[in-house]
Each structure stands twice: as structure tokens, then as C-alpha cells.
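Chain residues, written in single-letter form:
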Amino acid sequence: MKKGYLVLAGGQVFEGLRFGGEEGAVGELVFTTGMSGYVETLTDPSYAGQIVMQTYPLIGNYGIIPADFEGACCIRGYVVREWCENPSNFRCGGNLDGFLKERGIPGLCGVDTRQLTRIIRESGVMNACICDQVPSDLSPVRDYAVAGVVAAVSRKAPAVFPAEGEARFHVALLDYGAKNNIIRELQKRGCEVTVLPASASAADVLARNPDGVMLSNGPGDPAENVYQIEQIQKILGKIPLFGICLGHQLTALAAGGTTYKLKYGHRGVNQPVRDLGGLRTYITSQNHGYAVDGASVKTGRVSFANANDATCEGIDYPGLRAFTVQFHPEARGGPQDTAFLFDRFVDLMKGGEQACP
């Protein structure tokens, strides 16, 4: 392996060793805290435009497992403390180095990821580049912005996924960068799922006469997606709706709320979330850099809050037959504490009046 560098927009330089693709990369540097689930992280379209750093020190020890892919690999680069060259797992279908090489995505190992995490936690998310030589001009790094990513990662044509067993419901899933397990969770509950591009109009969605609408996760600044917000406004109140992550944020914007960028985001499989209507705290999987200002959404009520920083993690819209959550109840990768939310969505499609009991 040859020497490489991670250079932050602020000028800090971290020396390491290159693996994966040979290209350089510029992106928004973020960290994720999962001890496992790196395959799901690598294939989560919500990371589009970002250089992803794993805080857990050893990555790649169980290899690459294609059956666990959640979508296309959309990251700009990958930073780890140590990568395992010889993985061991009966499901292993390749190693991390080969996976990144095939996709032309640069990796960097041997860097002090603990120090990098401290920098991001103190200074906030910042841009960075992976390179072979430290650049004299960092303006391209500082000027980089994650933009236009929903259109880039969304599928371009509709696709239909049959229900497991008897088809009881038809769900229209708007793909802003959807993870595959959202589809699976709906299928196993008797839902035929029609996945539509992010460019689909409200008229197109409603013309398919679905029993419910699912808004998926996705990357980038939610406020950038003006067209999608307008379409959600036309759907709200007409049909049961469930939004996850970016879908949660876009629904809040459609309902007149506001969003803002978090200092360093929530990324990992160990985020605690309090149910404000009960006594439970759930451990959740999350990947987002923006949050909804819960107080700004006048037509809904905040249902979940992050136990660490009290940010909004869910909103119910009882009068509109809709509810949304910031975290990932499909649990790939991550705990399965909140899979019951898919059952709640099914109950709403059956004719339940409230999104929450």
C-alpha cells in the first residue's frame, strides 16, 4: 500500500495508507459509530456526497456480503483505522479493498480516527479530501457542497415488488435514496410495493390508487428538494402516509415547518430515542445531518425525541393520517426496537384514525 493523506478544509493533514480505488476524492467528512453494519453503511444512498469515517477501529473482518446491500454505494471516500485483508465469514463474498476498487472509491487506513472524531465533534462537519499529495490550494475542498444528490440516487423508473403471501395492501414508495429493507419490511406485512422515482408527481402517485404512501430516506439538505415538498403537500391528508429520515424532514417542510443542519449529525446504530407518549427509550439506527425544528410544525405533534440532545425524532399528524420518524425502523444495520412502526402504518391503512395508540 502506498502513502496517502486526508486533508481537512481547515488545513489539518492526516497521513495514512491508501486502499480501494486509486482516485482522489473531495467530500463532506462525517463519522458513524456502528461497531458492525459497515456493509449497510457502504450501500446506504443517504451517504451520497460524503467521505465516511468509521469510529470502530477494525472494519472488514466479515467481508462484503452482497445479500446485505441496501442500495448503490454512493460515498465519495472511506476512512478507517484498520481494514481486515483476510475476512472470515461463511457469507463472505469478497473483501473491502476489492469492493471499493470495483467502484473507484478511495479508502484510507492507518489514520487516527479518534482524533478526527474529536475534531468533527468540536468544530462540526467539514469538507475534506483523500489524496496522494497534500494540495497547496484547498479552495476546491472548502467550496465543495453536497447538492443535487436526491435526483442522483433515486431510481429513474417505477418498479413493482410483490407482497409476501397474500397481497393485502398496495403501497407507493417515493424513492429519495431508499434502503432495500424498507421494501422488505412492507412486503412481509402483505404489501405490494410500487417504488417511484423522486421526480414522480402527486397526481402520478394518487392515480395508482395506493392504500398508503411511504416516503423514504435519502441524502442532502431537505430544503433543497422544493419540487418533492410541493408534491407531498398535495398528498397529505388524502391517503395514509409514513415518512422515514429524509421523508420525515420533507413532510415537516410540506406542513409548514423548518429544518436546520446539525453540528455533526447522528450516524450509527446506537442512538437513543425517547417515546414522548410513553415510558420507553429505544435504541435506533440513524444517518442524518439535518433535523426538524419540532416547534415549527403547527399541524403535528412531536412524538419522539433524541435522548442525547432532545432533537425532534418523530412527528404525528393525526388529522392528516400521517406520521414520520427521523430514525430507521427498518434496522439495516441496527437494532430492531422500532420495527413496530411498520405495523402502525399497516393499521393506519386499515382505517385507524391515529398514527399512535
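Structure: above.
Here the residue numbering is sequential within each chain, running from 1 through the sequence in written order. The predicted origin of the model limits local features to residues at a pLDDT of at least 70 and limits the giving and counting of side-chain atom pairs to 80 or more, whereas totals for whole chains, interfaces and linings rest on all residues. Side-chain calculation: all heavy atoms of the structure are included, whereas hydrogens and water are not.

### Focus: the sheet that holds strand 14 (residues 241–244)
Now for step 1: Any two strands with at least two DSSP bridges between them are considered paired. Numbering of helices and strands starts at the N terminus; helices are DSSP runs of H or I of at least 4 residues and strands are runs of E of at least 2. Here ten strands make up an open sheet; going across it, the order is 10-12-11-13-14-19-18-17-15-16 and the pairing mixed. The strands lining the two open edges of the sheet, one partner per strand, are strand 10 (159–161) and strand 16 (281–292). The sheet shows a mean angle of 25 degrees between the axes of neighbouring strands, direction not considered.
Now for step 2: Where strand 18 (residues 312–317) and strand 19 (residues 322–325) come together, four bridges link them in antiparallel fashion. Within the sheet, the bridge partner assigned to Asp316 lies in strand 19 and is Phe323.
Now for step 3: Residue contacts are defined here by distance: any two heavy atoms, one from each residue, within 4.5 Å place the two residues in contact. Axes here mean lines fitted to C-alpha atoms, for a helix over just the part in contact, with angles spanning 0 to 180 degrees between N-to-C directions. Here helix 6 (residues 180–187) sits on the sheet in contact with strand 10, strand 11 (169–175), strand 12 (191–197), strand 13 (212–215) and strand 14, set at roughly 150 degrees to strand 12.

### Points about helix 8 (residues 226–235)
Now for step 1: With a 1.4 Å probe rolled over the protein chains alone, any residue whose accessible area is under 20% of its type maximum counts as buried; one over 50% counts as exposed, and the rest are partly exposed. Taken together, the buried positions of helix 8 are Gln228, Ile229, Gln231, Ile232 and Ile235. All buried residues of helix 8 fall inside an arc of 160 degrees around its axis, so they share one side.
Now for step 2: After helix 8 finishes, the residue Gly237 shows a positive phi value of roughly 90 degrees. Here the arc refers to the directions that run from the helix axis out to each C-beta atom.

### A closer look at the packing of aromatic side chains
The relative placement of two aromatic rings is captured by the distance of their centres and the angle of their planes.
Now for step 1: For this analysis, a ring pair means two rings from Phe, Tyr or Trp (six-membered ring only for Trp) whose centres lie within 6.5 Å, classed as stacked if their planes differ by under 30 degrees, edge-to-face if by over 60, and tilted for the remaining angles. The full count for this structure, using the stated rule, is ten aromatic pairs.
Now for step 2: A centroid spacing of 6.5 Å and a plane angle of 65 degrees characterise the contact between Tyr282 and Phe304, whose relative ring orientation is edge-to-face. Of this pair, Tyr282 sits in strand 16 while Phe304 is found in strand 17 (residues 301–306), placing the two residues 22 residues apart along the sequence. The same class applies to Tyr282 as to Phe304, namely buried.
Now for step 3: Linked through ring pairs, Phe242, Phe323, Phe342 and Phe345 together constitute an aromatic cluster.

### Observations concerning helix 3 (residues 113–123)
Now for step 1: All buried positions along helix 3 are accounted for by Thr113, Leu116, Thr117, Ile119 and Ile120. Taken down its axis, helix 3 places every buried residue within 160 degrees of arc, on the same side. Turned more than 90 degrees off the buried face of helix 3, the exposed positions are Arg114 and Glu122.
Now for step 2: N or O atoms within 3.5 Å of each other form a polar contact, as long as, within protein, one can give a hydrogen and the other can take it, and as long as residues adjacent in sequence are counted only when both atoms are side-chain atoms. Between a side-chain oxygen at the N-terminus of helix 3 and the backbone nitrogen of Arg114 the separation is 3.3 Å; the capping residue is Asp112.
Now for step 3: Immediately downstream of helix 3, the backbone of Gly124 shows phi near 100 degrees, a positive value.

### Some details on the nonpolar core
Now for step 1: Nine residue types can take part in a nonpolar core, namely buried Ala, Val, Leu, Ile, Met, Phe, Trp, Tyr and Cys, and a core is a set of them joined through side-chain atoms within 4.5 Å. Residues Leu174, Tyr176, Val213 and Ile235 are the most contacted members of the largest nonpolar core, which totals 29 residues.
Now for step 2: Breaking this core down by element, the ones donating at least two residues are strand 11, helix 7 (202–207), strand 13, helix 8, helix 9 (246–254) and strand 18.
Now for step 3: By residue number, the principal contributor to this core is helix 9, which donates five residues.
Now for step 4: Apart from residues no more than four positions distant in its own chain, Tyr176 is found in contact with Val150, Val153, Ala198, Leu215, Ser216, Asn217, Gly218, Pro219, Gln228, Ile232, Leu246 and Leu250.
Now for step 5: Counting residues in each nonpolar core, the second largest holds 26 residues, with Ile244, Val273, Phe327 and Met349 among its members.

### Regarding the sheet that holds strand 9 (residues 126–131)
Now for step 1: The sheet built from seven strands closes into a barrel, its strands ordered 1-2-8-6-4-3-9 with mixed pairing. Strand-to-strand twist in this sheet, taken as the mean axis angle between neighbours without regard to direction, amounts to 35 degrees.
Now for step 2: As paired strands, strand 1 (residues 3–8) and strand 9 are joined by four bridges and run antiparallel to one another. The residue bridging Val7 from the neighbouring strand is Cys129, located in strand 9.

### A few points about the pattern of salt bridges
Now for step 1: Here a salt bridge means any side-chain nitrogen of Lys or Arg lying within 4 Å of a carboxyl oxygen belonging to Asp or Glu. Counting across every chain of the model gives 18 salt bridges.
Now for step 2: Residue Glu40 is joined to Arg332 by a salt bridge in which the shortest nitrogen-to-oxygen separation is 3.7 Å. Highlighted residues: Glu40 in helix 1 (residues 38–42) and Arg332 in the loop between strand 19 and helix 10 (340–350), separated in sequence by 292 residues.
Now for step 3: A relative accessible area of 9% means that Glu40 is categorised as buried.

### Some remarks on the state of the cysteines
Now for step 1: When two cysteine sulfur atoms are found within 2.5 Å, that pair is recorded as a disulfide. This model, assessed by the stated rule, comprises zero disulfides.
Now for step 2: Unpaired in this structure, Cys73 has its nearest cysteine sulfur neighbour in Cys74, at a distance of 6.8 Å.

### So, the packing of helix 8 against helix 9
Now for step 1: Remark: helix 8 packs on helix 9, axes separated minimally by 8 Å, with the N-to-C direction vectors making an angle of 70 degrees. The orientation of helix 8 relative to helix 9 falls into the category roughly perpendicular. Residue-level inspection shows Gln228, Ile229, Ile232 and Gln233 of helix 8 in contact with helix 9, the latter providing Leu250, Thr251, Leu253 and Ala254.
Now for step 2: For the contact of helix 8 with helix 9, the per-class residue count stands at five nonpolar, three polar and no charged. Angle categories are assigned with fixed cut-offs, so that under 35 degrees is roughly parallel, over 145 is roughly antiparallel, 65 to 115 is roughly perpendicular, and the rest are oblique. Residue classes follow a fixed rule: Ala, Val, Leu, Ile, Met, Phe, Trp, Tyr, Cys and Pro count as nonpolar, while Asp, Glu, Lys and Arg count as charged, and any other residue, Gly among them, counts as polar.

### Some details on unusual backbone geometry
What is expected of a backbone is that most residues other than glycine have negative phi and most peptide bonds are trans.
Now for step 1: Residue Cys245 is not a glycine yet carries a positive backbone phi of 60 degrees.
Now for step 2: Mapped onto the elements of the fold, Cys245 is located in the loop between strand 14 and helix 9.
Now for step 3: The phi dihedral of Ala310 falls on the positive side, at around 65 degrees, and the residue is not glycine.
Now for step 4: Its place among the elements puts Ala310 in the loop between strand 17 and strand 18.

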